[in-house]
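# Coordinates in review
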Amino acid sequence: MAQEDDWDRDLLLDPAWEKQQRKTFTAWCNSHLRKAGTQIENIDEDFRDGLKLMLLLEVISGERLPKPERGKMRVHKINNVNKALDFIASKGVKLVSIGAEEIVDGNAKMTLGMIWTIILRFAIQDISVEETSAKEGLLLWCQRKTAPYKNVNVQNFHISWKDGLAFNALIHRHRPELIEYDKLRKDDPVTNLNNAFEVAEKYLDIPKMLDAEDIVNTARPDEKAIMTYVSSFYHAFSGAQKAETAANRICKVLAVNQENEHLMEDYEKLASDLLEWIKRTIPWLEDRSPQKTIQEMQQKLEDFRDYRRVHKPPKVQEKCQLEINFNTLQTKLRLSNRPAFMPSEGKMVSDINNGWQHLEQAEKGYEEWLLNEIRRLERLDHLAEKFRQKASIHEAWTEGKEAMLKQKDYETATLSDIKALIRKHEAFESDLAAHQDRVEQIAAIAQELNELDYYDSPSVNARCQKICDQWDVLGSLTHSRREALEKTEKQLETIDELHLEYAKRAAPFNNWMESAMEDLQDMFIVHTIEEIQGLIAAHDQFKSTLPDADKEREAILGIQREAQRIADINSIKLSGNNPYTSVTPQIINSKWERVQQLVPKRDHALLDEQSKQQSNEHLRRQFASQANIVGPWIQTKMEEIGRISIEMNGTLEDQLNHLKQYEQSIVDYKPNIDLLEQQHQLIQEALIFDNKHTNYTMEHIRVGWEQLLTTIARTINEVENQILTRDAKGISQEQMQEFRASFNHFDKGDAEFNRIMSVVDPNNSGIVTFQAFIDFMSRETTDTDTADQVIASFKVLAGDKNYITAEELRRELPPDQAEYCIARMAPYQGPDAVPGALDYKSFSTALYGESDL
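Residues numbered from 1 in each chain as written. Predicted model: local features only at pLDDT ≥ 70, side-chain atom pairs only at ≥ 80, totals over all residues. Heavy atoms only, no water.

The number of helices and strands found in the chain is 31 helices and four strands. Among the 853 residues that make up the chain, the fraction classed as buried is 39%. Within the structure as shown, the chain displays about 48,700 Å² of accessible surface, and the carbon and sulfur contribution to it stands at 51%. (Helix = DSSP H or I, 4+ residues; strand = E, 2+ residues; numbered from the N terminus. Buried < 20%, exposed > 50% of the residue type's maximum accessible area, 1.4 Å probe, protein only. Areas by Shrake-Rupley, 256 points an atom, 1.4 Å probe, with all protein chains shown as cover.)

Written out as structure tokens, the structure is:
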């Protein structure tokens, strides 16, 4: 590299070599620049500003260079080239006699020398073949690859490549399907070179860097051009071949290891599962503990048959497969020169065979033992089943009987319920006597099971004893219930007579209280004091009847208390309410208490209504007095404003001052409106909805007040807009007065009028403001820009093209306005469009929104 870095400038004096270097270096640079979406045409011109030179270095190095300077001046170009040269120097390359000024000046020899330096550093320096590197390494690689081919003897990078066979041999060595090498002739170098260059460009993505004629017609082809071209072949082939060979070797070794490891894992898992199953199964087969019931022993027999039929056969197959897998694995390990497989401790094939022998020994005699146990249990099961059947029948009959006899339902029963309970109890006594024989049979069977030493005798004895004890309790409870039912029947007959008398007197008294509550809660609507006094007199009459009503209430409640006293003495719980009436003492007391509460409430309600009517009348008169003043005042001011807007004289500023003074006089009247709002609030809170003393409502006052404020504000705004229009359009006071005169006498009549109306009243509302009329007159009398004029201006900036680019906008317009246009212009879609073209015509039209008037 030290020799190659010391670039020999005299060699470029040969025009043929210079031509070859230009072509080769240009193609090499473009093979990298196209990755960034650009290219060069003239190698000594396109690198002069340093921009593409910096981009080339970024692409081939994969690193970022300092930000380039975008200026057009010579100093900017020199700075950019120096940044590129500094980067090359930072990579350990010595630049001999190459300066930034010579590159910027377009010195072809210096530029070619710089590019050759870059090619040496980034395309050739890192080549390494069999402890040789750079140029020697590349040469050795070519010699190794072309050695098998006839007529090819690569000794250098000039004469050895002149007949084109070396290029074809390199391609055929790596991609034999692309070259028919045997058909090439050494005496036809042009054909050989063109074939290699075309195949490399089409299939290997190596651009054509030289012309065949240039090489053939030169006594000694340029060494740098040939080295550059050949280095592209090296980079295209060497990396892919090495990676493929290494990957195939690794994959092959790993595949064998992975297969063996998979077989080992399968053996270990299968052996572990099988040994675990044997370990679990042997204790189960050796268990000879008898069961207490025939069903349990039959289940054990069925489990054993499932074992023989379902569970064991797959395990036999697993054992066989395990031995096959073990032998296959050992064979594969031996063939692949791997050490033999040694299973984990206790998982050898011999360990599995020993466990299997133990398993089969445990099976012997297990089925015979099961059958003998089943026959023994059948002898005892029949007698025990007979005991259970009779006991279950008796227990099912006695279920709930003890609770039924203990219940005190007669304490809450009515007289008719008691009579029905007595008849039901007599039927139960007959059924109890009929079950005496079954109890005696159950005791006899239990005694027989005890004598035969039945395994579950304790539970049989306990069940039999429970049945006998319960039978004695049922007899005692039956006698006690009969006595209680007969006593309660007599007591309920007395209580029933008292209930009937209570019902006869409670019904009319309840009706009287309901009517009284209804009258006391009745709503009333009055408008005069006389109506209130009439209601008060009727209420006083009602209050005079309350003492007699209270005496009747006490008499009725006394009857109910007597019936309850009899029930309490005899512990009788009366079931529900009086059978002859739904009016309970609680209802009577509740309604009487309600009547007592409603009487004073009725007194207060009548007095409150009388006071309310007097207060409401005062509020009506107070509001009407104020509303009858404010309403006419608002109407008068609205009429005054209408006259002012038509009759205004003097300058616009005088008119504006006059209107604002008038507006302030209106605003000063606001406290009167607030006072009226306060009075209206009181009326609303009192729920007064009519007022015969005035025709004005608060809503009328609010609407009028808002219209008054809106009208004066709108009139002031119109004068302010007229001042803005006058100042913006340069309208004199005399012209403004003329516009006012024309507006006041404006009328319909002809086509010109229709044109004007379409502008000043685009919504056809029938209303034209003086401001709209001024805007129209200003546009008619002044000159303004149009969309067409803006389009024409953009066309000048674009150089008479139908589109413009972002670069042109940034060059011709201030930065903020250029970025504004770029952000809002749509891409140009015309047939002559190029990448980045922007549509300035649609943008210009959108600026105006609608056609200029």
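Here the focus is the packing of helix H2 (residues 15–33) against helix H3 (residues 51–61). H3 packs onto H2 with a crossing angle of 65° between their chain directions and a minimal axis gap of 9 Å. By the angle between their axes, H2 is roughly perpendicular relative to H3. The interaxial crossing formed by H2 with H3 has left-handed handedness. Contacts between H2 and H3 pair Trp28, Cys29, His32 and Leu33 from the former with Lys52, Leu55, Leu56, Val59 and Ile60 from the latter. Residues belonging to the contact of H2 with H3 are distributed by class as follows: seven nonpolar, one polar and one charged. (Axes fitted to C-alpha atoms, helices over the stretch in contact; angles between N-to-C directions. Parallel < 35°, antiparallel > 145°, perpendicular 65-115°, else oblique. Left-handed = near helix turned anticlockwise from the far one by under 90°. Contact = heavy atoms within 4.5 Å. Nonpolar A, V, L, I, M, F, W, Y, C, P; charged D, E, K, R; others polar.)

Our next topic: the nonpolar core. Among the nonpolar cores identified, the biggest contains 77 residues, and Ile118, Trp161, Phe167 and Phe233 are the most heavily contacted of them. Among residues more than four places away in sequence, those in contact with Phe233 are Trp141, Phe167, Leu170, Ile171, Ala200, Leu204 and Ile206. Judged by nonpolar contacts, the second largest core, of 31 residues, contains Ala686, Met698, Ile712 and Ile716. (Core = buried A, V, L, I, M, F, W, Y, C linked by side-chain atoms within 4.5 Å.)

A few words now on the side chain of Arg726. Inspection of the secondary structure puts Arg726 in helix H24 (residues 698–729). Within the local environment of Arg726, its side chain forms a polar contact with the side chain of Asp727, the two groups lying 3.1 Å apart. Beyond its immediate sequence surroundings of up to four residues, Arg726 is in contact with Leu652, Glu653, Ile731, Gln733 and Met736. (Polar contact = N/O pair within 3.5 Å; in protein donor to acceptor, adjacent residues only side chain to side chain.)

Under the criterion given, the structure shown has 56 salt bridges. A salt bridge links Lys183 to Glu180; the shortest N-O distance between them is 3.2 Å. Taking the shortest distance from any N to any O, the salt bridge between Lys637 and Glu640 comes out at 3.6 Å. One end of the pair, Lys637, and the other, Glu640, are both in helix H21 (residues 585–647), three residues apart, so they sit about a helical turn from each other. Residue classification places Glu640 among the partly exposed residues on the basis of a relative accessible area of 22%. Three or more residues are tied together by salt bridges with common partners; here these are Lys19, Lys23, Lys208, Asp211 and Asp214. (Salt bridge = Lys/Arg side-chain N within 4 Å of Asp/Glu carboxyl O.)

The interhelical angle for the contact between helix H28 (residues 787–797) and helix H31 (residues 840–848), taken along N-to-C directions, is 150°, at an axis separation of 9 Å. Here H28 lies roughly antiparallel to H31, going by the angle between them. You can see that H28 and H31 cross each other, and the crossing is right-handed. Counted together, Ala787, Val790, Ile791, Phe794 and Lys795 of H28 and Tyr840, Lys841, Phe843, Ser844, Thr845, Leu847 and Tyr848 of H31 form the full contact between these two elements. Residues of the contact of H28 with H31, tallied by class, amount to eight nonpolar, two polar and two charged.

This part covers a nonpolar patch on the surface. Where nonpolar side chains cluster on the molecular surface, the patch consists of Tyr820, Leu847 and Tyr848 and spans about 270 Å² of accessible area. You can see Tyr848 is positioned in helix H31. For Tyr848, a relative accessible area of 30% gives the class partly exposed. (Patch = residues over 30% accessible without salt bridge, like charges linked within 9 Å, V, L, I, M, F, W, Y side chains within 5 Å.)

Below, the discussion takes up unusual backbone geometry. The phi dihedral of Leu687 is positive, around 60°, even though this residue is not glycine. Within the fold, Leu687 resides in the loop between helix H23 (670–685) and H24. With a relative accessible area of 57%, Leu687 lands in the exposed category. Backbone geometry at Asp800 places phi at a positive 70°, although glycine is not the residue there. Its place among the elements puts Asp800 in the loop between H28 and strand E3 (804–805).

Let's shift gears to the packing of aromatic side chains. On inspection of all chains with the given rule, the structure shows 30 aromatic pairs. Judged by centre distance (6.3 Å) and plane angle (5°), the rings of Trp397 and Phe428 are stacked. Placement of the pair is Trp397 in helix H14 (residues 366–398) and Phe428 in helix H16 (residues 415–434), with a sequence separation of 31 residues. Using a relative accessible area of 12% as the deciding quantity, one classes Trp397 as buried. Each member of the aromatic cluster is reached from another via a ring pair, and the members are Phe157, Trp161, Phe167, Phe197, Tyr229, Phe233 and Phe237. In this structure, Arg121 packs its charged tip against the face of Phe122, placed 5.1 Å from the ring centre. Of note, Lys401 hangs over the ring of Trp397, and the distance from its end group to the ring centre comes to 4.9 Å. (Phe/Tyr/Trp six-rings, centres within 6.5 Å; stacked < 30°, edge-to-face > 60°. Lys NZ or Arg CZ within 6 Å of the ring centre and 35° of its normal.)

Further remarks concern the environment of Ile119. Among the structural elements, Ile119 can be located in helix H6 (residues 108–124). The class of Ile119 is buried, set by a relative accessible area of 0%. With 112 residues separating them in the primary sequence, Ile119 and Ser231 have C-alpha atoms 9.2 Å apart. Those residues in contact with Ile119 that lie beyond four places of it in its chain are Phe25, Trp28, Ile124 and Thr228.

Before going further, it helps to spend a moment on the side chain of Thr584. By the element assignment, Thr584 lies in the loop between helix H20 (546–569) and H21. For Thr584, a relative accessible area of 13% corresponds to the buried category. Excluding residues that lie within four positions of it along the chain, Thr584 makes contacts with Tyr502 and Asn577.

Moving on: H2. Between its first and last C-alpha atoms H2 spans 26 Å; for 19 residues at 1.5 Å apiece the expected length is 27 Å, and the two agree. Within H2, 14 of the 19 residues are buried, leaving the element largely enclosed by the surrounding structure. (Expected span 1.5 Å × (residues − 1).)

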